[in-house]
Amino acid sequence: MQLPSHKLIQSCKTRWNSVCDMFSRVTEQRWAVSAVLSDRTVTKLTDARTLELRDEFWQLMEDVAPVLETLKCATTVMSTETEVSISDTYPITFSLINVHLKTDEGDTSKVGEFKSRVRTSLGERMKIDSDDLMSTPPMLTIMLDPRHKHLAFLIPTRRFAAHAKLLQLLAEAEHASSTSADADAAGDQEQVVGEVPVQEAVHRHSSYALLMGENYATRSTNDVEKEVDSFLKDPPPLLDSSPTAWWKVNEGFQG
C-alpha cells in the first residue's frame, strides 16, 4: 500500500500528547489496519468485529486532529528546558482559549463539545479570572518579557492594571534602594570628625529628608514611569528571540 512502516501508538494517561500521536498514527495506517482486520487468515471474525472502527470514528479522529495538534504544540513549547517558558504561560493560555479553542461554524458537534470542555478546564486550572492574576510570578515575568510586554492578550482594563502593578513594584524597589543608600550615607556621616558635631550632622540630614523627601537626591517615581513608558514604546523583538538574550544586551536600559 506504499505506507510508511510504522507501528501503532497507544495512548497513555500520563502523556499529554499521546492521544494526538495515537490518532495521527492510526489514521496514517487506516487502510493497512482495515486490510489486516478484514483478512480472515490473520484476524478472526470475532476479533475483527470488536476491533473494527466505523466510518464515523475515523472521521472524528480526522476532525479533532487540528485541535489536538495545536494543544501538542502548546505543551511542547511550555515543556522546554533550554529556553525561558514561564513568560509564555498566559500568552499561550489566552491564545488557546480565545482563538484556537473557540467553536467555529464548520465544527461538528463532537469537536465543538471537545473545544468547550478543554477551554473551560484550562481557564479553571490557570485561574484566568482570578483577581490576583496580575500579581502572579508568571504575569510579572510576562510584563518584563520584551516579546509580550504589550499584553495584547488581555482586555484593556486588565492590561492597565498589570502595567500599574509593574510600576508599583518598580517604585517600591526604587524606594528600598534609595532608603538603603540613605542609611549607608548616614552611617558614613557618623564617622565624620570636624567642626560640625556628629549628632548635628545627623539632625540636619533628617531635617532635609523630612523637608525634601527621602528620594530627593535619587530618581523619582516619575523617572520610573518614563523608563517603563520607554520600554513599552520600544519595538518588541521577534517571538522566536530569547528574552534573556535581549536583557543581556539591554541590561543598562534607562529609557
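Just so it is clear, the structure is predicted and the values come from calculations on it, not from any experiment.

Caption draft 1: Structural context of the overall build of the chain. For the chain, the count of helices and strands is eleven helices and zero strands. Along its sequence from the N terminus, the chain presents helices and strands in the succession α-α-α-α-α-α-α-α-α-α-α. Taken over 255 residues, the chain has a buried fraction of 27%. The long-range fraction of contacts in the chain, counting pairs at least 24 apart against all pairs at least 6 apart in sequence, stands at 63%. Within the structure as shown, the chain displays about 17,400 Å² of accessible surface, and the carbon and sulfur contribution to it stands at 56%.

Caption draft 2: Quick look at the packing of aromatic side chains. Applying the stated criterion to the full structure yields five aromatic pairs. Ring geometry for Tyr90 against Phe94: centres 6.3 Å apart, planes inclined by 55°, an arrangement best described as tilted. Of this pair, Tyr90 and Phe94 both sit in helix H5 (residues 89–100), four residues apart, roughly one helical turn. The exposure classification of Tyr90 matches that of Phe94, with both residues buried. On the numbers, 4.8 Å between centres and 85° between planes, the contact of Trp246 with Trp247 is edge-to-face. Over the face of the ring belonging to Phe231 we find Lys149, whose NZ or CZ atom lies 4.6 Å from the ring centre.

Caption draft 3: Focus on the pattern of salt bridges. Per the stated rule, a full pass over the model turns up ten salt bridges. The salt bridge involving Asp104 is made with Lys115; its shortest N-O contact spans 3.5 Å. Of the two residues, Asp104 sits in the loop between H5 and helix H6 (109–126) while Lys115 sits in helix H6, which places them eleven residues apart along the sequence. Of the residues examined, Asp104 reaches a relative accessible area of 45% and is grouped as partly exposed. For Asp107, the salt bridge is made with Lys115, and the minimal N-O distance between the two is 2.9 Å. What emerges from the salt-bridge pattern is a single network uniting Asp88, Asp145 and Arg147.

Caption draft 4: Focus on the environment of His148. Considering the arrangement of structural elements, one finds His148 in the loop between helix H7 (137–143) and helix H8 (156–189). For the pair His148 and Pro91, spaced 57 residues apart in the sequence, the C-alpha separation amounts to 7.5 Å. Apart from residues lying up to four places away in sequence, His148 is in contact with Ser87, Asp88, Pro91, Ile142 and Leu239.

Caption draft 5: Just the nonpolar core, in detail. One finds Tyr90, Phe94, Met139, Leu151, Phe153 and Leu154 to be the most contacted residues of the largest nonpolar core, which totals 19 residues. Mapped onto this core, the elements with two or more residues apiece are H5, H7, H8 and helix H10 (221–233). With four residues, the top contributor of residues to this core is H10. Grouped together as the second largest cluster of nonpolar side chains are seven residues, Val26, Trp58, Val64 and Leu68 included.

Caption draft 6: Looking closely at the layout of surface pockets. Estimated volume of the largest pocket: approximately 820 Å³. As for the largest pocket, its lining consists of 24 residues, of which Trp16, Leu71, Thr75, Val118 and Leu122 are closest to the centre. Those elements that provide at least two residues to the lining of the largest pocket are helix H1 (18–28), helix H4 (55–78), H5 and H6. The element best represented in the lining of the largest pocket is H6, accounting for six residues. What the second largest pocket holds in volume is close to 620 Å³. Lining the second largest pocket are 24 residues, and of these Val77, Asp88, Ile92, His148 and Leu239 lie nearest its centre. Every element with two or more residues in the lining of the second largest pocket is listed here: H4 and H5. Residue contributions to the lining of the second largest pocket peak at five residues, all from H5.

Caption draft 7: Region of interest: the side chain of Lys165. If you trace the backbone, Lys165 turns up in helix H8. This buried residue, Lys165, is left without a salt bridge; Glu172 holds the nearest opposite charge, at 6.2 Å.

Caption draft 8: Inspection of H4 at higher detail. Here H4 spans 35 Å end to end across 24 residues, near enough to the 34 Å set by a 1.5 Å rise per residue. Its axis deflected by about 45° at Ala65, H4 carries its strongest bend there, up to four residues before the proline Pro66. Among all positions of H4, only Trp58, Met61, Val64, Val67, Leu68, Leu71, Ala74 and Thr75 are buried. For H4, the elements touching its buried residues are H1, helix H2 (30–38), H5 and H6.

The rules behind each value
- Residues numbered from 1 in each chain as written.
- Predicted model: local features only at pLDDT ≥ 70, side-chain atom pairs only at ≥ 80, totals over all residues.
- Heavy atoms only, no water.
- Helix = DSSP H or I, 4+ residues; strand = E, 2+ residues; numbered from the N terminus.
- Buried < 20%, exposed > 50% of the residue type's maximum accessible area, 1.4 Å probe, protein only.
- Contact = heavy atoms within 4.5 Å.
- Areas by Shrake-Rupley, 256 points an atom, 1.4 Å probe, with all protein chains shown as cover.
- Phe/Tyr/Trp six-rings, centres within 6.5 Å; stacked < 30°, edge-to-face > 60°.
- Lys NZ or Arg CZ within 6 Å of the ring centre and 35° of its normal.
- Salt bridge = Lys/Arg side-chain N within 4 Å of Asp/Glu carboxyl O.
- Core = buried A, V, L, I, M, F, W, Y, C linked by side-chain atoms within 4.5 Å.
- 1 Å grid on protein atoms, 1.4 Å probe; cavity = no way out; pocket = protein on both sides within 12 Å on 5 of 7 lines; lining within 4 Å.
- Points joined across faces, edges and corners; volume = space filled by probe spheres on them.
- Lys, Arg positive; Asp, Glu negative; His and termini not counted.
- Expected span 1.5 Å × (residues − 1).
- Bend = angle between axes of the 7 residues up to and from the residue.

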